Amino acid sequence: MVRILGLLIAVLLFQDRAWAEEPLRFASLDGVTELTGYLYRPDGQPPFPALVLLHGCSGLGAGGGIAAIYAAWTRVLVERDYAVLLVDSAGPRGFGETCARGPERSIMYRDRPKDAYAALAFLQASPVVRPDRIGLLGWSQGGAAVLLSIVRESIGRPMPPPRHDFRAAVAFYPGVCDEARQSAPFTRVVPGTWTTAVPLLVLQGEADNWTPAAPCKAFIAAAAGRGAPAAIHLYPGALHGFDAPNLRRQPLPRHRLASGVVPLVGSDPAARADALERVPAFLDRWLKD
């Protein structure tokens with residue numbers, strides 16, 4: 001997700017509530033990185049179902065803040081009685097934006113699934129979280145990390161696998177959402193066999209020219225045809241970042257694709273409103289009794 005989505009300072013995200021935690025640290029399963037996370041918990045009696053949130057290629061925020069899109073979703077989800085762990089994968093690695101082709105972006109694709117499973121283990125060790133009711137959400141590059149994490153031949157899942165895996169997953173306009181880049185040599189998946197046991201919902205704008213809808217639609221349809229509990233919901237006319245609050249439509253020439261395409265981003269009020277209903281309903285189905 002892009003920096004221009006806007007920033008809110010972490011301590012001000014929920015200034016009317018007392019459940020914002022201090023930044024915390026935990027080790028990625030890459031064996032090198034000490035990740036930074038922000039844990040938010042709802043009112044009420046624990047243990048709670050929980051969610052791990054993975055940011056896009058612009059990082060979690062800047063200057064100690066959290067981008068408005070992640071702040072808004074955290075508020076929605078905590079108010080639905082989920083504990084939420086926001087994971088910063090870029091800052092602890094010394095990275096800024098990793099949207100352009102280069103070694104930093106390759107590292108992020110390779111290692112962020114290991115961050116996801118480190119976050120899962122961290123939450124499962126917490127007495128305030130139900131270890132068997134944890135979901136995974138990601139945006140753009142973070143959505144790509146979701147797909148790379150929950151696939152049967154995950155490049156991030158530890159061995160032996162956790163007793164309880166992610167119970168459900170949501171990917172917003174995910175990167176590398178196609179057969180070619182979700183299979184060998186980029187992953188351990190034999191081409192044409194990608195599948196998962198984790199229920200997956202993908203949300204995608206049909207007008208997205210940064211992570212296009214057509215290959216993602218075909219990829220998810222093929223996985224569903226192989227028996228994966230995966231579905232995609234398309235929003236006509238919606239761009240990348242459609243669920244961000246009050247993001248004006250604009251081009252991002254600094255992120256010009258190798259094809260020459262200049263990505264467009266922007267909020268779509270109708271699509272955002274639908275997502276704010278659709279995603280919690282999907283999560284409730286799988287993460288709540």
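Calculation rules
- Residues numbered from 1 in each chain as written.
- Predicted model: local features only at pLDDT ≥ 70, side-chain atom pairs only at ≥ 80, totals over all residues.
- Heavy atoms only, no water.
- Helix = DSSP H or I, 4+ residues; strand = E, 2+ residues; numbered from the N terminus.
- Buried < 20%, exposed > 50% of the residue type's maximum accessible area, 1.4 Å probe, protein only.
- Polar contact = N/O pair within 3.5 Å; in protein donor to acceptor, adjacent residues only side chain to side chain.
- Contact = heavy atoms within 4.5 Å.
- Disulfide = S-S within 2.5 Å.
- Salt bridge = Lys/Arg side-chain N within 4 Å of Asp/Glu carboxyl O.
- Expected span 1.5 Å × (residues − 1).
- pLDDT = per-residue confidence, 0-100.
- Arc of directions from axis to C-beta.

Draft legend 1. Spatial organisation of the side chain of Arg157. Note that Arg157 resides in the loop between helix H3 (141–150) and strand S8 (168–172). For Arg157, a relative accessible area of 16% corresponds to the buried category. Polar contacts involving the side chain of Arg157 include one to the main-chain carbonyl oxygen of Arg152, which spans 3.1 Å. Beyond its immediate chain neighbours, meaning those up to four positions away, Arg157 contacts Tyr117, Ser149, Ile150, Val151, Arg152, Pro162 and Asp165.

Draft legend 2. Focus on the state of the cysteines. Within the structure shown, the criterion is met by two disulfides. Linked covalently through their sulfurs, Cys57 and Cys99 form a disulfide whose S-S length is 2.0 Å. In this structure the cystine formed by Cys57 and Cys99 twists about its S-S bond by roughly 90°; its chirality is therefore right-handed. Taken together, the positions of Cys57 in the loop between strand S4 (48–54) and strand S5 (65–67) and Cys99 in the loop between strand S6 (83–88) and helix H2 (103–124) put the pair 42 residues apart, joining distant regions of the chain. Each member of the pair, Cys57 as well as Cys99, is classed as buried. Between Cys177 and Cys216 runs a disulfide, and the two sulfur atoms are separated by 2.2 Å. Here the disulfide of Cys177 and Cys216 is right-handed, its torsion about the S-S bond being about 70°. With a gap of 39 residues between them, Cys177 in the loop between S8 and strand S9 (200–205) and Cys216 in helix H4 (residues 213–225) connect regions that are remote in the sequence. Exposure class is identical for Cys177 and Cys216. Each is buried. What connects to what in the protein, once the bonded cysteines are numbered by sequence position, is 1-2, 3-4.

Draft legend 3. Quick peek at the pattern of salt bridges. Under the counting rule described, the total for this entry stands at 17 salt bridges. Ionic pairing is found between Arg133 and Asp289, a salt bridge with its closest N-O pair at 3.1 Å. Of this pair, Arg133 sits in strand S7 (residues 129–139) while Asp289 sits in the segment after helix H5 (269–287); the two residues are 156 residues apart in sequence, bridging distant segments of the chain. With a shortest N-O distance of 2.8 Å, Arg157 and Asp165 are connected by a salt bridge. One salt-bridge network, held together by shared partners, links Arg130, Asp132, Arg133 and Asp289.

Draft legend 4. Representation of helix H1 (residues 68–79). Counted at 1.5 Å a residue, the expected span for H1 with its twelve residues is 16 Å, and the 16 Å between its end C-alpha atoms agrees. The buried fraction of H1 is high, at nine of twelve residues. For H1, the complete set of buried residues consists of Ala68, Ile69, Tyr70, Ala71, Ala72, Trp73, Thr74, Leu77 and Val78. Positive phi shows up at Asp81, right after H1, with a value of about 75°.

Draft legend 5. Local environment of the confidence of the model for the protein. Per-residue confidence for the protein averages 92 on the pLDDT scale, and 92% of its residues sit at or above 70. By mean pLDDT, strand S1 (residues 7–9) is the weakest element of the protein at 33, and S8 is the strongest at 99. The model gives residues 1–18 a pLDDT under 50, and that stretch makes 57 contacts with residues more than four places away or in other chains.

Draft legend 6. How the structure looks around H4. When the terminal C-alpha atoms of H4 are compared, their 18 Å separation across 13 residues agrees well with the 18 Å that a helix rising 1.5 Å per residue should span. Within the sequence span of H4, burial applies to Ala213, Cys216, Phe219, Ile220 and Ala223. Along the axis of H4, the buried positions cluster into a sector of 130°, meaning they face one direction only. Turned more than 90 degrees off the buried face of H4, the exposed positions are Ala214 and Gly225. On its buried face, H4 is in contact with H3, S9 and strand S10 (230–235).

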